[in-house]
Every structure is written in C-alpha cells, then in structure tokens.
Amino acid sequence: MSIQTILTWAVVIGVFLVTLKPLGTYMVRVFTFQPTILDRPLKPIENFIFRVIGVDRESSMSAKEYSLSLILTNFAWAVGAYILLRLQGQLPFNPQHFGAVNPQLAFNTATSFTTNTNWQAYAGESTMSYFSQFAVLSYLQFVTPATGGAAGIAFLRTLSGRKLGNFFVDLTLMTTRLLLPLSIIVTLILVAQGIPEALSPYLHVHSIVGQTQVVPRGPIASWEAIEHLGQNGGGYTNANSANPLESPTALTNVVLTIAMGLLPVAFFYAFGVITGRRRLGWTLIGVAGVLYLVMLALLYFPEAAGNPIINAIGLHTHANMVGKETRFGIGGTAIFSTSTMAFTTGSVASAHDSFLPISSIAFYMAMFLNMVFGGKGVGLLNMLMFVIITVFLIGLMVGRTPEFLGKKIEAKEVSLASVAFLIHPLLILAGTALAVATPAGMAGVFNPGPHGLSEIIYGFTSAAANNGSAFGGLGAALPFYEVALGIVVVIGRYASIIAMLFIGQSLLQKKAVPESAGTMHTDTVLFGGVLLGSIVILNALTFFPIMALGPIAEQYLMMAHHLF
Amino acid sequence: MKVLRAVIGVSVGLWVLVGLAYPLAMTGISQVIFPYQANGSQVKLNGKVVASAHVGQYFDQSQYFWGRPSATSPPYNPEASSPSNLGPTNKLLIQHIKARVALLLKTTPGLKVNQIPASMVESSGSGLDPDITVQSALIQIPRIAKATGIQSATLRRIVTQHIVRPQLGIFGRSHVNVVDLNLAVFKLLHP
Amino acid sequence: MAVGEMPAQRNYSGEILKATFSKLNPREMLHNPVMFVVEVGTVVVAWLAIVANTASAQSYDWLVTVILFVTLLFATFAEAYAEARGRAQADFLRRTKSSTRARLMQKDGSTVLVESSELVKGSHIVVEAGDTLPGDGVVVEGVGSVDESAITGESAPVVKSKEDAVTGGTVLLSDRLVVEITVNPGETFLDRMIALVEGASRQKTPNEISLSALLGVLTLIFVLVVVTLVPIASYFGPHATNTTTMVALLVCLIPTTIGALLSAIGIAGMNRVSLHNVVAKSGRSVEAAGDIDTIILDKTGTITIGNRMATEFLPVPGVSLETLAEAALISSLADTTPEGRSVVELAQKVLKMPELPEYEGEPIPFSATTRMSGIDLEDGRNVRKGAVSAISEITDNTPKELQEQADMVARDGGTPLGVEIDGQALGIIRLKDIVKTGLKERFAEFRSMGIRTVMATGDNRITAGVIAAEAGVDDFIAEAKPEDKIELIKKEQSEGKLVAMTGDGTNDAPALAQADVGLAMNSGTMAAKEAGNMIDLESNPTKLLEVVMVGKQLLITRGSLTTFSIANDVAKYFAIIPAMFAAVPALHVLGALNIMHLKTPHGAILSALIFNALIIPALIPFAIRGVKYRAESADKMLGRNIFNWGVLGVIIPFVGIWGIDRILGLFGLA
C-alpha cells in the first residue's frame, strides 16, 4: 500500500469529517427557516417561484399530501423528459445532429433519471444532444436528488417534533441552497483540471500517426459536478468517470469522490442537530462509517493482490488493472468505487464487471443495505428504518415497549418499517428470478459462468437501490431489461420513501416518553454495535443464497483457476 | 387545481434556473476563465490539433510507445468509450492477456514476462486511458530503439523527462502520458 | 398451599397430549403464520415422499417429513403445556367454587336453597358458619371470620363486617352474614381468574401484535428467498435444487423458535401474575406494567407497617424517665389501638417490667374535642396523653421544654404525644412510622431500572419528607387528598409517562381508573375493585412491584427468544447452503463454506433441521419461567441479553448442528 493511497484516503475521509458539521448545521438552518448567508442572493429567486405556485415558505402538508405532491411532480418530470427526448431531433443545441431517442430507451431513461437511479442503457456521447444532456438529464440530476433530500428533511422534521413541511418548498431550497452553490464551485475546479465545458461541436483530432479522433465536448464539467453532488451517477459518456473527458486527473477523481459524499454524510449530522441528539447522530455516522471502511478494504486489498489466474502468467505486477485507469491506480479507484456505491451515486471510475468476485461483494453490500450514508436523505431514511427494526427487535430485551427518540415503536411503525424493508429484497430476488427463468432475461448475460448470474443480480440490485451503476456487460439495452428495470426503479424509489413519511407522521402524533435509566439508549457504542450486527445479519440472511451462487461461488472457482 | 399549478410552476421555475441558466452560465464563465481546458485541452503541432491532452490515442507502430489495450472499437475511440467488461473467470480475458503478452515478447528484444506490468496487458476502464506506468514505457525502449535507431539512453531520458508525478505529491501515482512521449519521439524523428 | 403450585394429585399429561395434536388443525394453525408455513411444508414433503421414485430420495423425504412433523408437535406441545399449567391452576380455583349452594333470602326474610349459579347481582343471601361463599359480594349484615386461604393462600382468618367485600370461594368460619351479591354468575373474580389463567380470554397484547407483524414479514422474506432461489439456481441447470431441501431450508430460516413459543410465553406470563395471587383483568395491563415509569404508593400499609409506634420517651427537665414511662404506661392501659399498645410495650421495656401491673380506674376514651385519652385511677391520679397543645392547655406552668421537644420530634418526622399527670406536664412520647424492611433496597432497584416511586400520605410535609427519605422513595405528596393523586397521575401522563398505583378505598377509584396500571386491594371497596385493572387477592400493596417485574420479564422473554431465533439462522446457512448445491458441478466449490465439516449433504440438512426442532423444547423452560431478570439499567441489561441471546444465539447452533451431525454419523445417517 503506497503512501499516496493512504494520503488520498485520508484526504477524502478528512474532508468528510471536517465538512459534516458546518454543512449539517447549515442544512438544518436552511430547512428550519433560519437566516443564512445565501439568503440575500437566493431569497428573491425562491420567493418568485413560491409566489407563482402560491405556497407559503413555512407552510406544511400531511404525509399523504407530501407523498402525493412528490409523486405527481416526479411523474411530470418523467413525462416531460420522455417528450423532450423523443423530440431531440427538432430541438436546439444539437451540433452532432442526433435524432429522436427511441421510445423504449426514452421510457427507460426518463424513469431511470427521474428516480435518481441514472441507469443508462445508452452511450451519452453517441446518443444525446447537448440540449438533452443539460436541459433534460442534467436538470433531472438536480431536482431528483432534491426530491430524495426533501423527503429526508421532512422525516427529520417529524423526528424533531416539527410539522412535515411543504414538498415544493423543500424541493426548491434543496436545489437552490445546497446543490446549485456547490455545483458552481465544483464545476470551476473540474474545468481548471481539464474537463471540457463548451457548446461547440465535437473536436476533430488528427494524430501524428495519421489517425482521426472525434473527441466529444459539451457542458461536461457542469454535468459532472451535479452528477456527483446529487449522487446521480449518470455518465456524460458511456465509460462515465473512467473516461478522461469526465475525470482527467487523479485530483478530479478525488474531487468527484468528495462531491458525492459531502451531502449524505452531512445529512447524518443534520439528523443529530435537528433532533438535538448529536451523540445519536455520531453513532449512526459511526455505524455507516465502519461499513464504509469495510467496503474500502474489500475493494482495495483483493484488487491489489490480483487475479490468481492472471498472476499465474508471472507478470511484473499483480494488481488487477482490468477495467481500471492508470492515473487513478488501485487506491484511487478503490475510494471512488467505495463512495459511488456507498452514496448510491452509481457513476464508475472503473469497470465494475471486471472486479474480483470477493471485491464485488462490497458493491452488493452497499446496494443491499442502501444506507452506508446512501443518497442524501434517502440513505438516512433507510438507516432509520433499520434503526427502528433493530430497536424493536432487541428493545424488548430490556423489558419495555421499544422506544426510538422517546416515541414508542408499535404495530404501525413496525409494520411500515418491515414493509419498507421487505420491498428491497422482493424487487431484487423476484427480478433476478424472472430474468433467469426467461430466455429474454438470459439473453442479456455477457460473461459466462457464475459471473453471468452476478451481472443479473447486480442489475436488479442497482435498480432497486436506485444506484444506477452496472456490471456493464449486462445487455441493459434489451427490451426486457429496459422495461423490467424501469419498473423496479420506480417501486424501489417511492415505496420506502412514502412508508418512512408515514412512519414519521405517526411518530409525530405520539407523545414522547421521557428518558430514564429504564430507557434503552440508542446513542451508545453498544447500540451502535448491535445496530451494525443486526443490519449485517438481517441482510446476510436475506441475500446469502444469491451471493453464494454468484460472487462466492465464482471466487472459489477463481481460486481453483477455473475458467468459463 | 392548486397542486398541478404548484407541480408545473416549480418544475418550470427550477428548469429555467438549473436546466438552462446554470449550464449556460457555467459554460460562459469557463470559456472566459479557462478557455484552453474548457475547449478540450487541444494539443497543437504546427498549428494543427493533434491531440486532446487527456484522451489516449492508439499506437501500434514499432517506433512509438504503445498505450494500454483498449476495448473500444476501433481502439481509442472517444465516441464510444467502454471497458471490456470481461469478468475475472472469463476465458476471453485470459486469452486477450496472453495474446498481448505474446505480442510484447515477440516485438521487444530481450523482454521477459516478469518485466511486464499487468496494466500493460489489461485493458483500461474507458478504452481511452492516455497513461502507462513508467515501467511500461521503459520495457518498450528496446523495440523503439531498434525500429527508429534512436539511442536507448535518449529514449530513457525522454521517458524520465515526461514522468508525471503524483499531483500535490498525494494524488495518483507516477506515470507517463503516451501521446506526450510519442510527440517527443515524433519531434526527434521529424526535426 | 399457594394457588400457583401444580397440584400433584392430578395428571394433566393426557390433556396436554390431546391438545398437542388437536392444535395441528390447520384452521387453528393459521393464527400462527410461522408454524403454518411449517405445516404446509410438512404436507408438501410428505407428498413428495409418497411420489418419490428412488428409495434413497424416499427415505430422505420421509426423514424430513418426520422432523418437520416433530417440529410442529413441539410447538403445539409448548402451547398445550403452558395452557395445562394454567388449567391446573384454574381447576384448583374451580374446585373451591364447584357445586356451591346458597341460601337465597326472600322478601319476607325466609331463605330457600338455590344453586350458586342462579344468583344474580343484587341477590341477598345468608351465609352460615361453615358455608362456602357462593359469589363475590358485600356484607350487609353481621360480623364473621372468613377463611380466604383458597384465594390468597393466607391461612389466618379475616374478620368481615358490614360493607366489607367478600369473595366467592372463601369459607365463613364463624357467625352469620347477610351478603349482597355484586356480580352476575360467570363474572366473579374467581371466574375471571380462571378464564385468564386458562388463556380463554387471552387477547394479543400490543407488543405481541407488533412482534407478530415483524415475524410475519420475516417469514415472508424467507419464503421469498427460498421460492426465488429455485429459478435463480436453475441458472446452473434445471435440477439445481431439490424441493425437499428447499422446504428444509425455509423451515430452518423462518423464526420457528419464537413462532412456536410466542403464545406459550404470553400464557405463562399471565400465569406468573396469578402466581402472585393477582388477578389481571387483561394481558394488556400486565404488559403495560413493564412500561411503568412512575409508581404511586400509599404510605400507610404499603411503605410503613401501617401504624405508628412509640420509640422514645422525652421527659421535661425535673422529671425522671421512669416517672414519664410509668405515666405513659398508665395512660395507655385502656388504649387498645396499635399505637397505645406500642406505648405500653416501650414503657415495659424502659421500666424493665415484664408483667403488666394492676391498676384500677375509669378509662377516658379519645375524643375529637379533647384530643386526649387516659385514665382516672381509683387512687385519685388522673393521667392523660394526647396532642401536645391539648396537654399544654390543661397543665399549669407548662415548661417551655415540652413544646421544644414536641417541635423537635415533629421536625424528625415523628408525632409527639404529650403526657401529664394531675395538671403536671411530664414529657413527650415520640411516635414514629416504621418503614417496612427491605423496601429501601427495593426502591433502589426500581431507581436503577428508571422507575420513579412517589409516596402519597396525609401527613404534613415534614413528617412525609422524613419518611420518604427513610424509605428511599424518589418523591412524595404530603397532605394528599384523593384529587391530588389524580392530579399527579395526569401530570405524569401528560409527560408521556405510564403510572401505576394501588388503592383500596372508594375515593381511590377515580385515580385507579386514571392510572395505567391500577392495582386494587381485594379487601377494598367494590368501587375500587371495579376501577382497577388488577386486583391483589392478598391485599398486599407492595405486590405492585412484583407485577411490574412480571410485566418486564414478559417483554424480555419475547425479545430474547426472538433475537435467539434470528441469530440461529447464521449457522443454518453454513450447514445447508454448501450441502444443497453439492450435486451441482459448478457449485460444489461451495463446499468450502462447510466450516462445520459436516459429513454428508443430507446429514448436514437433517442436522440443521433437527437442531431447529430440538431448540424449541429446550427453550420451553425459558418461555414458561421467563428469562432471568435482574434490576439494572436498560443499557446494562441490553449488553447482557445481547450476549446471552444474540452472540450465543449465533454460536450455539454451530456447536449443536456439529454435534447432531456426529450423532447421526453414528447411526449411519450422515
């Protein structure tokens, strides 16, 4: 392990630790309508929007109204995106003269971007006009993470005893106060490092050996910034952040890695601030942090040791560089991959399909759990869902009706949380089963042997977790996957958000029980350990069989030098 | 209906702000502050654009340094960036690697298997990786020297001069940019 | 004999056996989704065994069928056993009730003999010495001693007079009572208690409902895991999975341990309450007892032994201790109250006078106007004791020390009584409340569990404060009126706390009804008993503490067994996953996961399944007796139980399955 790798990791993790407090506190100030420094430039713009739509900044909705507004707005975006993609040929900013996007792909892309999954069944550089990239897809990469963040904020408000809030206000503020300012800063850093930001046509290059290269351009830097700040992950080009046009240097790799994590980590801290339980906030940060480090280790050490079958050839180095970029190395790739999976961004700086099976377990782990910080807001919601289930499971053992934040966890909360928990495996397992059982599903498999099964599992897991990364070999552009994954992303996105909003509302209506020595504290190292254990065990029990058939079997086969 | 008005109002309002104003403003600002980078970091030779600095190019001529294997079609095609997506137990992966090793051994006098870095025979994540490790460059010198007649020592000096150190001493690892190296070789060959 | 002990003379095993099988009825099973899945699985595998086409497959299928069936039987047995224990208790109670006949009083005053079941609310009956009371009621006429041992286990007879409540099943030992029946047949406390311990009136409690929901979803997830595994595994070939093995995997994964024991835990919890001779009107109130944050206890009878005792004589200057003691003794000779007797006892001790001396005289009883009592002796001496102010009034040249000493006693929480003889003030008797032994430790335990104890007393603040400190309660309400208790309960409840209290008087009824757990004394008034949600048949207010413990233990037992059940699954995966794919060429490498080195694939699956079945009877004692419980903070308890049930829950099955596999190996089955 080189000193550069250690320092790179230290910088990334250090930035998260340094920024979580100011950013988390800022977030709480914004969403509890306290004055902040950005009021002066942004308030007039926001007030204009609020006046047009006729809502009051500090008004509130019921869980039902909030969910309905959220769904309707998202639906409107999907429809709008579909129409604009279908009309691509007639719209401006299209120097490469790309035609209309075909109906299935337009449906898949619209749903996938609206749900913040950003699964791409197309190659951006050869399909999308500049207009489609920035005015449709980049736009969705602003507002859809803002949607998830809004739901998270609404839930946090209920936990702190406040009213749910207004979806349209939260959506707007999430965009104007967090995503937009940060995007502007990140864009400028990225351009300085060499990412194109232009509207002129693709660049034609004539190399010294007489070859012609067509180098895509466009507003790539501004795209990259929001792609990562919003944990979107939709690549401007097919190779995503492995492409030197999207991430030309080791520094951009680190900047993008940091951009992904800033808001999800700060969200965990905001939870502690808004509920007045900073220690609990730190406990949850600790639990997610441990899982993050486990993933990082899984994605580094086996890759550094390499594939035993290739190592048998006797090369100079052993590290598995298949699908990885030289400028990032194993260390830079590992921290980017860990982050893109942990924060459910789904952008890639390397080919996930070509990771060793044991490392790939980190990918699955992140997507099964979907709360190793997760997408901002949504990851915290998932974490709190696990907290509620854990509190109930083990809370009885202290001889009291389990409580969380002083509210009794009763049949309604347990049922809602259990259902939210159930949906995720349901989508993954049923989807995988369907794909394996049908010729249409099997047609998408690229790699032979257990790895092919892993590709299918990865596809459905990524869709259900709204991650959007892929084992790129899977034929995601086949109609079967465009439709099946399109459905999975929609259910995976909204079911748990809505369940959590209703849990929040139900908790809000309960009287808080004061704490005593008889209360099980959730802000202790002990509880953190128990939470971690129950998260790992519950998920392992659910997903162990498919992991055994996919990556675990392949790992043992690989160790036995078995090829397919 | 009030909700529909809100849905459409907020969607359009934010669209104007972040769907139009943001990208166009960022493009405008970038064109002013960082025109070189924003327009694709064009590398010019005799006034003609010969490369985009960060995008790798395909070299299979004996007299030039070779980059990593590229899975795009044709190799190093920026319009279709892609990795190979080959899984670790896929026969094709091992075949490709072995074929690449065999090619290097055949074309490079005195090269031994245990001198070849894995990255030199394993394809990159984008198919556009512009860089190779220093060792990957050094092992190619005998072949280039033989094909061009340039002294090995000169080539070694060129490689050393073009080593890109980790940024700020922290980020990344030492490597060389193949296009840069080959431009230097080109200049030697075409003074 | 206490009610809770199992009568040895009757054998319930036949009934248990019968219920064990009758509970297999699928319609009844449907109430327990976890075990219903097992039942369906059993039928499926049995059918597979019948249609199996190879001998080895058939024997494997039959073995699995048998183990699954036994698993089911263990579950139904656990419930049947818990119910039978309840029934044993109920039978014992019922015996005291059966075939009681009653003398129903007619309008004209004559009586006719009727069956006790014919009595309705409002009937007046005559009870003669030796009769068993036919139902619950209130004495309207007469005084008599009643043996309540059948209900309370307390052998000393209790004197009952007008307006006292009497309970059906108790026996009148002497005299004659006229009793008004206050409940209709089938609704007496005895009936309620019987119904409750038998589990007949058992409804799921709130936590049980939430837990059932969670177990239901977990079961659903595992059904999903196993059902989808069939097509997913077909990736490796059409016959990659074996249906029997899939059923075995499913049964191993779903939380059968807690599923099998859940209702037994609930029934046993209710039984434990009645073991303390407390009748809970619902399971909900027992569970609520576990959540109690604040307990309000009456001082008198609960915290103190009920009466004040003389502890010290304080003579005024110039008077000897002996003189004061003798006067106090004389003044109290005619005083039969416990306080009076305690003065006599203390004086005897001070005067070293084992025998009571003879005095002749006319006793002067206590009256509210004089606030004094005493005796006018034949030798002419008039001795009085009473309120210090009253004594001061009738004495001449009262030394100021008398008042000073009185104030000092009051400051220490005692009650001062002045003593005088023929107009001369002699000194003060210190009367003091005596706190029951062991309570302080008890309250400290409660504090460590986060439960606050509040003492309610009619005493003034000073007295109340001293006793509160001595008893170690967290707070007190002095000069408490019944309304003050309701106020306090409402205040605590508005802060989200759950409150428990005890009470016996009619004026306690509103507070008992307001409290989340109201424990009424059986000796109390009917109104109090109606208002409370539990009744202590022994009328011991400290019993509230036991009830809280039982409530907590009930929740702990459920939580622990649930955690254990889920933790067990880890080992089962390591047994079954490598075994189930052993025959698939590409997947035999999964044998590396066989870390227990189980010998054969079938043996591994059977071992896991057998372990899964055996753990149910192994845990029945915990379900029935409850998981061991000690008073400590929630966080400490969590740490301990997480280790005992979570960590060991992961480890134990590894050892167990390995052991069973070795034993199967001895029989050639693995």
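Owing to the predicted nature of the structure, the values given are computational and were not obtained by experimental measurement. (Residues numbered from 1 in each chain as written. Chains lettered and ligands numbered in written order. Predicted model: local features only at pLDDT ≥ 70, side-chain atom pairs only at ≥ 80, totals over all residues. Heavy atoms only, no water.)

Participant: Now, about the domain arrangement of chain A: what can you tell me, with residues and values included?
Facilitator: Note: interface size is frequently given as the accessible area lost on complex formation between the parts. Residue and element names in this part refer to chain A. Assigned domains of chain A: these are domain 1 (3-277) and domain 2 (377-559). The distance between the C-alpha centroids of domain 1 and domain 2 comes to 24 Å. Across the contact, 42 residues belong to domain 1 and 42 residues belong to domain 2. Of the roughly 3,200 Å² buried between domain 1 and domain 2 on both sides combined, carbon and sulfur atoms contribute 73%. The largest share of the area that domain 1 buries against domain 2 comes from Thr115, Trp119 and Phe155, three residues that together contribute 23% of it. Put simply, domain 1 and domain 2 have one salt bridge between them. We note a salt bridge from Arg277 to Glu515, for which the minimum N-O separation is 2.7 Å. Our enumeration of links across domain 1 and domain 2 arrives at eight residue pairs in polar contact (both at pLDDT 80 or more). Residue assignment for the side of domain 1 that touches domain 2 shows that the elements contributing at least two residues are helix H3 (63-86), helix H4 (103-114), helix H5 (130-159) and helix H8 (250-274). Top contributing element to the side of domain 1 that touches domain 2 by residue count: H5, with 11 residues. Across the side of domain 1 that touches domain 2, the residue classes tally to 17 nonpolar, 21 polar and four charged. (Domains from an automatic or database assignment. Contact = heavy atoms within 4.5 Å. Buried area = accessible area lost by both parts, 1.4 Å probe. Salt bridge = Lys/Arg side-chain N within 4 Å of Asp/Glu carboxyl O. Polar contact = N/O pair within 3.5 Å; in protein donor to acceptor, adjacent residues only side chain to side chain. Helix = DSSP H or I, 4+ residues; strand = E, 2+ residues; numbered from the N terminus. Nonpolar A, V, L, I, M, F, W, Y, C, P; charged D, E, K, R; others polar.)

Participant: If you had to explain empty space enclosed by the protein to someone new, which residues and values would you point to?
Facilitator: Residues and elements named next belong to chain A. As enumerated under the stated definition, the model contains eight cavities of 30 Å³ or more in all. What the largest cavity holds in volume is close to 150 Å³. Asn370, Asn382, Ala420, His424 and Ser496 are, among the 16 residues lining the largest cavity, the residues nearest its centre. Looking at the lining of the largest cavity element by element, the count peaks at five residues for helix H14 (residues 411-437). Taken together, the residues of the lining of the largest cavity break down into 10 nonpolar, six polar and no charged. Every residue lining the second largest cavity is counted, 18 residues in all, and those nearest its centre are Asn116, Thr344, Gly375, Val378 and Arg493. Breaking the lining of the second largest cavity down by element, the ones donating at least two residues are H5, helix H13 (378-395) and helix H17 (479-508). For the lining of the second largest cavity, the residue count by class is four nonpolar, 12 polar and two charged. (1 Å grid on protein atoms, 1.4 Å probe; cavity = no way out; pocket = protein on both sides within 12 Å on 5 of 7 lines; lining within 4 Å. Points joined across faces, edges and corners; volume = space filled by probe spheres on them.)

Participant: Please set out the sheet that holds strand E5 (residues 175-177) of chain B residue by residue, giving values where relevant.
Facilitator: Within a sheet, each strand pairs with its neighbour through backbone hydrogen bonds, oriented either parallel or antiparallel. All names here are of chain B. Strand order across the open sheet formed by three strands is E3-E5-E4, with antiparallel pairing between neighbours. Either end of the sheet is taken by a strand with one partner, and the two such strands are strand E3 (131-132) and strand E4 (163-164). Summarising the sheet, E4 and E5 pair through two bridges and their orientation is antiparallel. Across the sheet, Ile163 pairs through a bridge with Val176, a residue of E5. Along the sheet face, helix H8 (residues 178-189) touches E3 and E5 and points at about 60 degrees away from the line of E5. (Pairing = 2+ DSSP bridges. Axes fitted to C-alpha atoms, helices over the stretch in contact; angles between N-to-C directions.)

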